[in-house]
Amino acid sequence: MTESLTAGRVYEAGGRLAVESARFTGFGWMRGTSGNLSEVVSRDPLRLAVTASGLDKGELTATDVAVVGPTGDPVAVEGVPPLVPSAEAGLHARVAALTGAGGVVHVHALSAVVAGHRWPGGVRLRDVETLKGIGRLAHDDEVVIPVIRNSQDMAELGDWFEAAYDPRTPAVIVASHGMYAWGADLTRARHVTECVEWLLSYALAIG
Ligand SMILES: [Zn+2]
């Protein structure tokens, strides 16, 4: 048990995860039951509230949430019935641990998959206003969104993420799969996700 973590805190996060999931589902970025979102609910020890596995992301409620530790394994919290966390929770935890993010978004946006296919060495962007939306400069700042290979092994995927990680760039594409984006909190992670998806669509449109 994580003594200081309450069911109320977990379900507050679950409510935010449900709202954001419905938004991204509306954009077509979480087809079927794909994609998952998480919010850090404890930093030490690291605990994340993550969307539960196998559910339609457009229909989540505040209680459709699981709590995981640093490896993505479920952690018991009093008053929170254990649900199966998303299979990708382990990468969410690695992202949160490495970047210090408070919110992590994973979506299967088509633009991310197509851009990863077109530029497997990374998607290069510069001189476009929307780069400011991910904390970079609108002029003379070359941004590379890294592309890593896909894997069903979250430890392996996490190692590849760490190798590709640039602290200046709050997103990564997983080839033939989707993208991850993160921010200080879930709202910031949403802003980054939306801007990165726009930037990838832009790169494909002009490239
Ligand atoms: Zn996925």
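Before going into details, it helps to say that this report is about the structure given with it. The model shown is predicted, which means the values in this text are computed figures rather than measured ones.

We now examine the packing of helix α1 (residues 7–26) against helix α5 (residues 186–206). Here α1 crosses α5 at 15°, and the two axes come no closer than 11 Å. With respect to α5, the axis of α1 lies roughly parallel. The two elements α1 and α5 cross, and the hand of that crossing is right-handed. Every residue of α5 that contacts α1 at R16, L17, E20, R23 and F24 is listed here: L186, R190, T193 and E194.

This part is about the coordination of the zinc ion. Coordination of the zinc ion by the protein is provided by E88 (OE), H106 (NE2), H108 (NE2) and H177 (NE2), with metal-donor distances spanning 2.1 to 2.3 Å. Every donor counted, the four donor atoms about the zinc ion form angles of 77 to 161° at the centre, which fits irregular coordination. Read from N- to C-terminus, the donor residues coordinating the zinc ion fall into the pattern E-x17-H-x1-H-x68-H. Residue E88 is located in the loop between β3 (65–68) and α2 (89–99), and its partner H177 is located in the loop between β8 (171–174) and β9 (178–183); the two are separated by 89 residues in the primary sequence. The class for E88 is buried, based on a relative accessible area of 11%.

Rules behind the numbers
- Residues numbered from 1 in each chain as written.
- Predicted model: local features only at pLDDT ≥ 70, side-chain atom pairs only at ≥ 80, totals over all residues.
- Heavy atoms only, no water.
- Axes fitted to C-alpha atoms, helices over the stretch in contact; angles between N-to-C directions.
- Helix = DSSP H or I, 4+ residues; strand = E, 2+ residues; numbered from the N terminus.
- Parallel < 35°, antiparallel > 145°, perpendicular 65-115°, else oblique.
- Left-handed = near helix turned anticlockwise from the far one by under 90°.
- Contact = heavy atoms within 4.5 Å.
- Donors = N, O, S within 2.8 Å, 3.2 Å for Na, K, Ca; no water.
- Tetrahedral: all angles 85-135°; square planar, octahedral: opposite > 155°, others 65-115°.
- Buried < 20%, exposed > 50% of the residue type's maximum accessible area, 1.4 Å probe, protein only.

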